[in-house]
Amino acid sequence: MRLFVDTNVLVRCSRGNASARTVAALERGVVLTVTSLNVDEFIGVLRSVFGFAERDAVIEVARILRPFEIVEELDFEDFRVKADERLHPGGKPDWPSLAAAMALDAAIWSDDRSEEH
């Protein structure tokens, strides 16, 4: 099984709040995957929300992403319109995870708590 992980889960892994669930998924043979756009967003969150310097953010991202596969936008861009049509207005920024999951017939793991999604 392949599972696309949203940026909010990556942040929670970095802060130690989702690491156990990540390890459990890996032990069950789940292939954890993120999009390259989520990686960029993760770096941005570490810098803007948590005050990481650029170099420290890149080091932290590399540490967290060790067990993850990264999928490039070219692999799912054909599903952008379909993903966008399925998302509520507040969820539009999450199109990469949905488009990638649709392209590779995978599930999505998101801890997003917004009621607009």
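Each residue is numbered by its place in its chain's sequence as written, counting from 1. Reporting of local features is limited, given that this is a predicted model, to residues whose pLDDT is at least 70; pairs of side-chain atoms are given and counted only at 80 or more, and all residues count toward the totals for whole chains, interfaces and linings. Excluded from the side-chain calculation are hydrogens and water; included are all heavy atoms of the structure.

Caption draft 1: Just the side chain of Thr7, in detail. Structurally, the position occupied by Thr7 is in helix 1 (residues 7-14). Among the polar contacts made by the side chain of Thr7, one reaches the side chain of Asn38 at a distance of 2.9 Å. Contacts are residue-level and defined by heavy atoms, with any inter-residue pair within 4.5 Å sufficient. The residues contacting Thr7, other than those within four sequence positions of it, are Asn38, Glu41 and Phe42. Labels follow the DSSP assignment, with helices taken as runs of H or I lasting at least four residues and strands as runs of E lasting at least two, numbered in each case from the N terminus. Between N or O atoms, a polar contact is any pair within 3.5 Å; within protein, one atom must be a potential hydrogen donor and the other a potential acceptor, and residues adjacent in sequence are included only when both atoms are from side chains.

Caption draft 2: Here's a closer look at unusual backbone geometry. Positioned with a positive phi, Asp105 is a non-glycine residue whose angle comes to about 50°. With respect to the helices and strands, Asp105 occurs in the loop between helix 6 (95-103) and strand 4 (107-109).

Caption draft 3: Quick look at the pattern of salt bridges. What makes a salt bridge here is a side-chain nitrogen of Lys or Arg within 4 Å of a carboxyl oxygen of Asp or Glu, nothing more. Scanning all chains against the criterion turns up four salt bridges. In this structure, Glu60 engages Arg63 in a salt bridge whose closest nitrogen and oxygen atoms are separated by 2.8 Å. Here Arg63 and Glu60 lie together in helix 4 (residues 54-64), a separation of three residues that amounts to about one turn. For the exposure calls, accessible area comes from a 1.4 Å probe over protein chains only, and a residue counts as buried if that area is under 20% of its type's maximum, exposed if over 50%, partly exposed in between. Judged by its relative accessible area of 10%, Glu60 is buried. Among the residues examined, Arg63 registers a relative accessible area of 39% and is labelled partly exposed. For Asp84, the salt bridge identified is with Lys92, shortest N-O distance 3.7 Å. On the basis of relative accessibility, which here comes to 28%, the residue Lys92 falls in the partly exposed class.

Caption draft 4: Molecular detail of the pairing of strand 1 (residues 2-5). The sheet contact formed by strand 1 and strand 2 (residues 31-35) spans three bridges and is parallel. Directly across from Arg2, in strand 2, lies its bridge partner Val31. Pairing geometry for strand 1 and strand 4, over three bridges, is parallel. Each bridged residue has a counterpart across the sheet, and for Val5 the counterpart in strand 4 is Trp109. In short, DSSP must find at least two bridges between two strands for them to pair.

Caption draft 5: View of the packing of aromatic side chains. Two aromatic rings, drawn from Phe, Tyr or Trp (for Trp, its six-membered ring), form a pair once their centres lie within 6.5 Å of each other, and the interplanar angle then sorts them: stacked below 30 degrees, edge-to-face above 60, tilted otherwise. A full pass over the atoms with the stated rule returns one aromatic pair. Pairing Phe76 with Trp95 gives two aromatic rings, centres 5.8 Å apart and planes at 55°, and the pair type is tilted. With Phe76 in the loop between strand 3 (69-71) and helix 5 (80-86) and Trp95 in helix 6, this pair connects stretches of sequence that are 19 residues apart. The pair Phe76 / Trp95 is uniform in exposure class, with both members buried. Here, a charge over a ring is recorded when the distance from Lys NZ or Arg CZ to the ring centre is within 6 Å and its angle to the ring normal is within 35 degrees. One cation-aromatic arrangement involves Arg15 over Phe50; the distance from NZ or CZ to the ring centre is 4.8 Å.

Caption draft 6: Structural detail: the nonpolar core. Buried Ala, Val, Leu, Ile, Met, Phe, Trp, Tyr and Cys residues that are joined via side-chain atoms within 4.5 Å together make up what is termed a nonpolar core. The biggest cluster of nonpolar side chains holds 22 residues, and the ones touching the most others in it are Val5 and Leu10. At the level of secondary structure, the elements contributing two or more residues to this core comprise strand 1, helix 1, strand 2, helix 3 (36-48) and helix 4. If we ignore the near neighbours within four places in the chain, the residues touching Val5 are Leu10, Leu32, Thr33, Val34, Asn38, Phe68, Ser97 and Trp109. Counting residues in each nonpolar core, the second largest holds eleven residues, with Leu87, Ala99, Ala100 and Ala106 among its members.

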